[in-house]
Amino acid sequence: MKRTVLTLLIALAVAGGGLFSAAPHPAAAQSGTVWQAQFFNNNTVSGGPAYTTQTPDIQFNWGTGSPDPSIQPDSFSARFTTDVYLDAGTYEFVIRADDGVRLYIDRAPTPIVDSFNKQQPGRTLRASTTLAGGVHNLRVDYQEITQEAYIFVNWSRLSDSPSDFNTGYEMGTWTTQYFSNQSLAGDATVVRAENSPSHNWGAGAPVAGVPADFWSARWMGTFSLNGTYGVTIRADDGVRFFVDGNTIIDEWHGATNETYTAQFTVGAGQHTLGIEYYEATAGAFLNVDFTSVNGSVLPGAAPQPTATPAPNVPTAVPGGPSATVLAWRLNVRDAPSASGTNVIAKINRGETYAIIGRNQAGDWLLLNVNGLNGWVSIRYVGLNNEQPLPVVGAQPTATPAPAQPQPTGYTLTSRANLNVRSGPSTQYDVAGALGYGEVAPIVGRNAENTWWQILDNGQLGWVIDFYVVIEDGVDINRIPITG
């Protein structure tokens, strides 16, 4: 009997469990986690999985493809599960997905994040929860309906100050630390993910818990890059910019509305960008703009049209006019308008297509896209072999379009001192501002639901989704695409 017990104890020790196992090691954010992944050929996570695998993280961008040849490219779903040891504390989960996602913790019947069947592609979803120290079960359900497919899941304990930033969030988000001092000293007061380092805090505090004056912040993100990039930073007060730990801009001093520019070149691969900032007194703002001079495009960067060589004009129309795409990806629509029309194709930067004609105003072009006729805005293409273009399609002669979009009946509330811009991008000029907690009526959105058009004191403007809260019960299909 003694020999049997001894044999059992040795077996338990070799297996790494029971009496001889080491104490569980807390997971530092999502690192060291192994997820069980199941994929289904339906978008309801039902029936038996068609493909099963393991993954160390949930950071996927399948584009218009699928996770595996056994899975159809549209109308599929996935379930990711893991058991992970976490220290006690409050954890923030940040999820970005196209199309739907649900997050369950410890097999609770109700998810703490749920966008299934709600058509909110591209929105950053966040949830915080307080957990006791120990092993916790996490489950993420993913739903793909059509076209693009991606999901990125990250979490961190809010009281921690991350020591390794080489796991930056995808889709243009940054890991951000806010410090209650000017020197980035000690542990961060707040750690969270943000879509952009650009902010206008005015005379207020950047986040709850940090003073309005004498504070500092750091933004870190890891991106897949290859080529030469330009960076322009405007700041009040001090700022530094790093690429893979190398200093590119170092202006760590008091300043009022100073602008700094630089270029950097990197080889193909993952590269970490860092921005450090400090605020002294009075107004505080930071505006960071990237441009892609050549090579791949940094998420959120504007490509420089002159860096793209013009491809040959299609041989199908020798000597005829054509258009070369300047945007990274451009929607082709069934009518010459961004509002109330359908996207029938997507074309990419550098591609060239024959021009059939234009609308009456001359701000939309009708292209032949691989045998399909569709409309694109002239703002996002370069013209080759320019010549007079025929006006195509019936022109409106009845009721003129309203002077501006009308309120939808829905509102949003600002979560920060927020810039209101003239268009749906940080590349547009600042046209106004929303104070923290200020409410504004919604009149429109962009196709990705990442920017909202509002009425700000009677004037139209755009605010980024990341810094606002939309009222409950919004039917997004009732909000027109206006940009």
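Heads up: the structure comes first, above all this text.
Caption draft 1: Geometry of the overall build of the chain. Regarding its fold elements, the chain presents 1 helix and 33 strands. Put simply, of all contacts in the chain between residues at least 6 apart along the chain, 67% involve residues at least 24 apart. For the chain, the exposed surface amounts to about 22,400 Å²; the carbon and sulfur share of it is 52%.

Caption draft 2: Local environment of the environment of Arg421. If you trace the backbone, Arg421 turns up in strand E28 (residues 418–421). Since its relative accessible area comes to 6%, Arg421 is described here as buried. C-alpha separation for the pair Arg421 and Ile464, spaced 43 residues apart in sequence, amounts to 9.0 Å. If sequence neighbours within four positions are ignored, Arg421 has contacts with Asn287, Thr426, Tyr428, Asp429, Val430, Ala431, Trp451, Gly461 and Trp462. Of the polar contacts made by the side chain of Arg421, one reaches the side chain of Asn287; its length is 3.0 Å.

Caption draft 3: Quick peek at the pairing of strand E20 (residues 322–325). By the alternation rule, side chains of E20 split into Ser322 and Thr324 and Ala323 and Val325, which are all buried. Strand direction decides the pairing type here: E20 and strand E23 (residues 352–358), joined by 3 bridges, are antiparallel. Residue pairing in the sheet places Ala323 in a bridge with Tyr353 of E23. Summarising the sheet, E20 and strand E26 (residues 381–384) pair through 4 bridges and their orientation is antiparallel. Bridging from a neighbouring strand, Val325 pairs with Val381 of E26.

Caption draft 4: Seen up close, the sheet that holds strand E4 (residues 77–86). A sheet is described by the order of its strands in space; here 6 strands give the open sequence E2-E1-E4-E9-E6-E7, paired in antiparallel fashion. Pairing within the sheet leaves two strands with one partner each, and these edge strands are strand E2 (51–55) and strand E7 (113–114). Pairing analysis gives 10 bridges linking E4 to strand E9 (residues 134–143), with the strands arranged antiparallel. Looking at E9, one finds that Phe80 is bridged to Val140.

Caption draft 5: Main features of the pattern of salt bridges. Per the counting criterion, the structure on display carries 5 salt bridges. The shortest N-O distance in the salt bridge between Glu276 and Arg218 comes to 3.1 Å. Here Arg218 lies in strand E14 (residues 215–236) and Glu276 lies in strand E17 (residues 258–279), a separation of 58 residues in the sequence. For the pair formed by Glu276 and Arg218, the shared burial category is buried. For the salt bridge of Arg240 with Glu276, the shortest nitrogen-to-oxygen distance reads 2.9 Å. Pair noted here: Arg240 is in strand E15 (residues 238–243) and Glu276 is in strand E17, with a separation of 36 residues, a long-range link. Judged by its relative accessible area of 10%, Glu276 is buried. Among the charged side chains, a salt-bridge network with shared partners connects Arg79, Arg102, Arg139 and Asp141.

Caption draft 6: Region of interest: unusual backbone geometry. With omega at 20 degrees, the peptide bond leading from Asp98 into Asp99 counts as cis. Within the element layout of this structure, Asp99 appears in the loop between strand E5 (89–98) and strand E6 (100–105). In this structure, the amide linkage connecting Asp236 to the following residue, Asp237, adopts the cis form with an omega of 25 degrees. Tracing the sequence through the fold places Asp237 in the loop between E14 and E15. Positive phi, normally seen in glycine, also occurs at Leu184, with a value near 60 degrees. Structurally, the position occupied by Leu184 is in the loop between strand E11 (174–179) and strand E12 (190–194). By relative accessible area, which is 11% here, Leu184 ends up buried. One non-glycine residue with positive phi stands out, namely Phe214, at about 60 degrees. Note that Phe214 resides in the loop between strand E13 (199–202) and E14.

Rules used throughout
- Residues numbered from 1 in each chain as written.
- Predicted model: local features only at pLDDT ≥ 70, side-chain atom pairs only at ≥ 80, totals over all residues.
- Heavy atoms only, no water.
- Helix = DSSP H or I, 4+ residues; strand = E, 2+ residues; numbered from the N terminus.
- Contact = heavy atoms within 4.5 Å.
- Areas by Shrake-Rupley, 256 points an atom, 1.4 Å probe, with all protein chains shown as cover.
- Buried < 20%, exposed > 50% of the residue type's maximum accessible area, 1.4 Å probe, protein only.
- Polar contact = N/O pair within 3.5 Å; in protein donor to acceptor, adjacent residues only side chain to side chain.
- Pairing = 2+ DSSP bridges.
- Salt bridge = Lys/Arg side-chain N within 4 Å of Asp/Glu carboxyl O.

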